[in-house]
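Structural features, examined
What follows is the residue order along each chain.
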There are 2 protein chains.
Amino acid sequence: MTNNHLVIMAGGVGSRFWPMSTQDRPKQFIDILGCGRTLIQMTYDRFKGIVPDENIWVVTSEKYGEMVKEQLPMVPAENVLLEPCRRNTAPCIAYVSWRIKAKDPHANMVVSPADHVVLDINEFQRVIRASLEFTEQSDAILTLGMKPNRPETGYGYIQADLSTASARNREVYRVDSFREKPDVATAKRYIQQNNYYWNAGIFIWSVSTIVNAFRVYQPAISDPFEDLLPVYGTEKEQEAINKVYADVQSISVDYAILEKAEEIFVHPAGFGWSDLGTWGSLHERSRRDLYNNALIGENIQTYETNNCIIHCTEEKRVVVQGLDGYIVAEQDDTLLICKLEEEQRIRTFSE
Amino acid sequence: MTNNHLVIMAGGVGSRFWPMSTQDRPKQFIDILGCGRTLIQMTYDRFKGIVPDENIWVVTSEKYGEMVKEQLPMVPAENVLLEPCRRNTAPCIAYVSWRIKAKDPHANMVVSPADHVVLDINEFQRVIRASLEFTEQSDAILTLGMKPNRPETGYGYIQADLSTASARNREVYRVDSFREKPDVATAKRYIQQNNYYWNAGIFIWSVSTIVNAFRVYQPAISDPFEDLLPVYGTEKEQEAINKVYADVQSISVDYAILEKAEEIFVHPAGFGWSDLGTWGSLHERSRRDLYNNALIGENIQTYETNNCIIHCTEEKRVVVQGLDGYIVAEQDDTLLICKLEEEQRIRTFSE
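Residues numbered from 1 in each chain as written. Chains lettered and ligands numbered in written order. Predicted model: local features only at pLDDT ≥ 70, side-chain atom pairs only at ≥ 80, totals over all residues. Heavy atoms only, no water.

Turning our attention to the interface of chain A and chain B. Quite often, the size of an interface is put as the accessible area lost when its parts meet. With 29 residues of chain A at the interface, the matching set in chain B holds 29 residues. Of the roughly 2400 Å² buried where chain A meets chain B, counting both sides, 52% is carbon and sulfur surface. Among the residues chain A hides against chain B, the three largest losses belong to Arg317, Gln321 and Leu335 of chain A. Together they make up 27% of the total. Connecting chain A to chain B are 4 salt bridges. Taking the shortest distance from any N to any O, the salt bridge between Glu330 of chain A and Lys316 of chain B comes out at 2.4 Å. Taken together, the connections running from chain A to chain B amount to 24 residue pairs in polar contact (both at pLDDT 80 or more). Elements represented by at least two residues in the side of chain A that touches chain B include exactly strand E13 (299–303), strand E15 (317–321), strand E16 (326–331) and strand E17 (334–339) of chain A. In terms of residue count, the dominant contributor to the side of chain A that touches chain B is E17 of chain A (6 residues). In the side of chain A that touches chain B, the residues fall into 13 nonpolar, 5 polar and 11 charged. (Contact = heavy atoms within 4.5 Å. Buried area = accessible area lost by both parts, 1.4 Å probe. Salt bridge = Lys/Arg side-chain N within 4 Å of Asp/Glu carboxyl O. Polar contact = N/O pair within 3.5 Å; in protein donor to acceptor, adjacent residues only side chain to side chain. Helix = DSSP H or I, 4+ residues; strand = E, 2+ residues; numbered from the N terminus. Nonpolar A, V, L, I, M, F, W, Y, C, P; charged D, E, K, R; others polar.)

See below:
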C-alpha cells in the first residue's frame, strides 16, 4: 500500500471563460478542449498509477460537491471536502492536510489545481514520481517550476539557486525567492537569467512537513484544523468545518507558507503545461485546423475564417463566415462573440 | 355583410433567412422584426376593418396548417386550405378562387403574400379599399405597383401606361407590360423612366374575373378545380385536392394569367413596402440603434459593433464585441455568423 495522496483543488470559478465557464459550472468541470474529458477528469487521469483512488482528495465549494462526485465517481465520497466559503489556497490546504493526517500520518502528498493542462503525461509522471520520492524521506517543501518559453506576465515566477542541486535528486534546487506576476521588462529579464520558472501551483510534501509548517508559520490557521482532529471522518466533520471556516484568514499558500519557510525546493520541469488562464492559451493548446482555428464542437463549419476559437455545445450547429481573430463561444442561453485581443474584457461583459 | 375576401398565400419556405427561417418554421411564421407579431399575423392585422375574419383564407402547405391555426385562431379552420405539394402561385390562387366562388359567387378578393412588411398601414388600407371598390364594379385585374426608390434588381417590375388613368379611379393605370428581375443597368433605366413599379405580388379582383381568366387562359389548370365544385366545403375536399394537385402545372400567376390577360391595371402606391427578401432589407426595416445595428432579441449587448443585424430568440443572452457589417442569427440549435455582403451564400451554408 502506498502513502501517496493527491489533493485536487477545485474551488475556482473561472470567470474568464464566460460564457462556457459560469458560477454554476466553472472551467474545471467543462470539457473545454473538446476531448471528451473535463479538466478535473484530465487532472485525475494524469495521476493514474501514482495515486490509488482511495488516496485522492478533492477540495471544492459545497456548490460543486455533486459535480465532483459525478465526474470522479471513483473518488470516495468522503474524500470530497466541501468549503462553505472561498478562503484562497492556504485554508484549503490546511483543511485537507489535517484531514489526511487523521487518516494516514505517513502520507506523502501532491497538491494540484483542477483546471490546468499538461501535454506530456509521461514526463509529468516521471517528475511527480521523482518529487514524491524526494519528499518522502525529507522535510522538504517541493514546488514544480515550469521552464518558461516566453516572458509571460500572467504567472508568478520561482527563482532557483542553480548552484546547489540536491544530492538526492540532481534535478532539484533550492528556491531563492518567489516573485509575483512581473511587468514585461522584468519578465524578459527573468527569461534571460535562465534560473526563473513559472509557478504552476503544484506542490509536493509529506503531510507532517506541511502540517508542521502551518503550525510554525500560521498558527492562527493551523489551530482550528488541529482542534478538529477528533471529528475528521465522522458525521460531525462538515458541520464543524462550516462553523470555523469563515473565520480563517483568506490567504494563498504561497504567501502563508512558501515565502516564509526555509526548506523550499523547486523541480524545474517541461511537460507542456498551461493553466488555461486565457482564451489565447486555450487556442494555443487546442487542435487547430489549417487556418489556425480551434474548433471545439461537433458541427462547426467555417468559411474564410482564420485564427478563431469557436467553442460550442455538442448539439449546436454553427456556421461562421468571414471572421479573423475572434472568440465565438456558446453555452446554454448565452452567446459571446469577441475579438481574441479583447478577451480581458470578457469578465466585464459577463456581469 | 361585405363580399370582401382576403387570401393570404403562406406556402413559402424562406430559405434565405436560415437559421431563423427553416423548413419547419418558415419566415412568415416568425416574429422576424422582433415586434411581438409574426409576419403572417402582421399581414392579418393590416386588413382589420376591411375583411371580416370569416372571409379570410390562408393557402399553405399541409405541413404548416397547424401553425396557421395557432397563429391566426380567428380565421375559420375550414378557410385554411392545405396544398399537398408546392405548385407556385397559379394553382394556389385557382384553388382558393374556386373554393371562395363555391361559397360566395359575388366575392371580391385581395391576394397577398404572408411574409411582406408594410410601414404605413393607413396608406395601405386606403389603397386596398380603393382597389376593392375598383374591382367590385368591373372585370379588371388590378395589381399594386410599389413606387421604387432604388434600382432594385431583386424585384420584377410593372410598366404602366401613365397616359390613360382610369375614369373610375384617377390613381389607376393600364399595365403596358410585366418585366422580370432586371440587371442593374436596366433597373436604372426603369427608375429614370418613372413609369415602372415593383411588382409586390398583391392582386385585387372579383372572383368571377379571376375564375374566368383561368378558364380562358389556363383551362388545364381551371378544369380540375371546376370539377371539384360539388366537394368544396365538404369532408371530401382535402382528399379530392390531394388527388389532383400534383398533376396541376407549377407556374406563377404572373406567367399564367397577368402576362396574357387584357384588362390589367396597376395602382401605384407608396406605403413603405418590403418583401423582406434579404437580410439587408430586414436590416433596413428594423429599428436600429445609434450604431446602425438592428438588434432583435431581448438581451443583446454590443461593444464597438456597427451595421450589424443580430437576431436571436428571446431567452438568449448575446454579447457581441468588435463586429462591423455582420449577420448574427441564432435559432434553436443553429448559429450563423456571416458578413451581410455575403448573405446570398446563406442558402448554401444551410444545406
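That covers the picture; the talk isn't over yet.
Under the definition given, this model contains 31 salt bridges over all chains. Lys63 of chain A is the partner of Asp24 of chain A in a salt bridge, and the nearest nitrogen-oxygen pair spans 3.8 Å. Linking Asp24 of chain A in the loop between strand E1 (4–9) and helix H1 (39–46) with Lys63 of chain A in the loop between strand E2 (56–61) and helix H2 (65–71), this pair joins segments that are 39 residues apart in sequence. A residue is classified by how much of its surface remains accessible, and Asp24 of chain A, at 56% relative accessible area, is exposed. Salt bridges here are not isolated pairs; linked through shared partners, they connect Lys316 and Glu330 of chain A together with Lys316 and Glu330 of chain B. (Buried < 20%, exposed > 50% of the residue type's maximum accessible area, 1.4 Å probe, protein only.)

Here we come to the pairing of strand E9 (residues 196–206) of chain B. The side chains of a regular strand alternate between the sheet's two faces. Residues and elements named next belong to chain B. With 11 of its 11 residues buried, E9 lies for the most part within the structure. Of the strand pairs in this sheet, strand E4 (residues 108–113) and E9 are connected by 4 bridges, and their pairing is antiparallel. Bridging across to E9, Val110 finds its partner in Ile204. Note that strand E6 (residues 141–146) and E9 share 4 bridges and pair antiparallel. Along E9, the bridge assignment pairs Thr143 with Phe203. (Pairing = 2+ DSSP bridges.)

The next subject is the relation of the copies chain A and chain B. It takes a turn of 180° to lay chain A on chain B, together with a shift of 0.0 Å along the axis; the resulting RMSD is 0.1 Å. What the superposition gives is, in effect, a two-fold axis relating one chain to the other. A shared interface surface links the copies, since 100% of the contact residues of chain A are contact residues in chain B too. (Least-squares fit on C-alpha atoms with pLDDT ≥ 70 in both.)

Moving on: unusual backbone geometry. Glycine aside, negative phi is the norm for most residues, and most peptide bonds take the trans geometry. Note that the residue after Trp18 of chain A, namely Pro19 of chain A, is joined by a cis bond; omega there is 10°. Topologically, Pro19 of chain A is positioned in the loop between E1 and H1. Positive phi outside glycine occurs at Asn292 of chain A, with the angle close to 65°. Note on placement: Asn292 of chain A falls in the loop between helix H10 (279–285) and strand E12 (294–296). Asn292 of chain A sits in the partly exposed class, given a relative accessible area of 26%. For Asn307 of chain B, which is not a glycine, the phi torsion comes out positive at approximately 55°.

Further remarks concern the sheet that holds E16 of chain A. Read from one edge of the open sheet, 6 strands run E12(A)-E14(A)-E16(A)-E17(A)-E15(B)-E13(B), paired in mixed fashion. Sheet topology places E12 of chain A together with strand E13 (299–303) of chain B at the edges, where each strand pairs with a single neighbour. The mean inter-strand angle of the sheet, taken between neighbouring strand axes irrespective of direction, is 5°. (Axes fitted to C-alpha atoms, helices over the stretch in contact; angles between N-to-C directions.)

It is worth spelling out the environment of Ile40 of chain B at this point. All names here are of chain B. Relative to the elements of secondary structure, Ile40 occurs in helix H1 (residues 39–46). Spatially, the C-alpha atoms of Ile40 and Ala187 are 30 Å apart, while their sequence positions differ by 147 residues. The residues touching Ile40, leaving out its near neighbours within four places in the chain, are Ile8, Ala10, Gln28, Phe29, Val58, Val68, Gln71, Leu72 and Ala114.

For the rest of this paragraph, the subject is the packing of helix H3 (residues 89–103) of chain A against helix H7 (residues 219–227) of chain A. Residue and element names in this part refer to chain A. Packing of H3 against H7 leaves a shortest axis separation of 9 Å and a crossing angle of 30°. Once H3 is placed against H7, the crossing between them reads as right-handed. The segment H3 lies against H7, with Ala90, Pro91, Ala94, Tyr95 and Trp98 engaging Ile221, Ser222, Phe225 and Glu226. Looking at the contact of H3 with H7 residue by residue, the classes come out as 7 nonpolar, 1 polar and 1 charged. (Left-handed = near helix turned anticlockwise from the far one by under 90°.)

Before going further, it helps to spend a moment on empty space enclosed by the protein. If a probe as big as a water molecule is rolled over the atoms, it shows which places are left empty. Taken as a whole and assessed by the stated rule, the structure comprises 2 cavities of 30 Å³ or more. Computed from the structure, the largest cavity encloses a volume of approximately 40 Å³. Lining the largest cavity are Arg150, Tyr155, Trp198, Trp273, Ser274, Ser281, Glu284 and Arg285 of chain A. Elements with a contribution of two residues or more to the lining of the largest cavity: strand E11 (273–274) and H10 of chain A. Within the lining of the largest cavity, the residues separate by chemical class into 3 nonpolar, 2 polar and 3 charged. Quantified by volume, the second largest cavity comes out at close to 30 Å³. As for the second largest cavity, its lining consists of Arg46, Ser112, Pro113, His116, Val118, Phe124 and Ile202 of chain B. A per-class count over the lining of the second largest cavity returns 4 nonpolar, 2 polar and 1 charged. (1 Å grid on protein atoms, 1.4 Å probe; cavity = no way out; pocket = protein on both sides within 12 Å on 5 of 7 lines; lining within 4 Å. Points joined across faces, edges and corners; volume = space filled by probe spheres on them.)

It is worth spelling out a negative patch on the surface at this point. A contiguous patch of negative charge, built from Glu298, Glu314 and Glu315 of chain A together with Asp332 and Asp333 of chain B, is present on the exposed surface. Examined against the element boundaries, Glu314 of chain A turns out to sit in the loop between strand E14 (309–311) and E15. Among the residues examined, Glu314 of chain A registers a relative accessible area of 54% and is labelled exposed. (Patch = residues over 30% accessible without salt bridge, like charges linked within 9 Å, V, L, I, M, F, W, Y side chains within 5 Å. Areas by Shrake-Rupley, 256 points an atom, 1.4 Å probe, with all protein chains shown as cover. Lys, Arg positive; Asp, Glu negative; His and termini not counted. Charge placed at Lys NZ, Arg CZ, Asp CG, Glu CD.)

For the rest of this paragraph, the subject is the sheet that holds strand E14 (residues 309–311) of chain B. If you walk across this open sheet you meet the 6 strands as E13(A)-E15(A)-E17(B)-E16(B)-E14(B)-E12(B), and the pairing is mixed. Where the open sheet ends on each side, the last strands, each with one partner, are E13 of chain A together with strand E12 (294–296) of chain B. Put simply, the sheet's adjacent strands are angled 5° from each other on average, direction ignored. Two strands pair when backbone bridges link them, and E15 of chain A and strand E17 (residues 334–339) of chain B are joined in this way by 4 bridges, in the parallel orientation. Residue pairing in the sheet places Val318 of chain A in a bridge with Leu335 of chain B of E17 of chain B.

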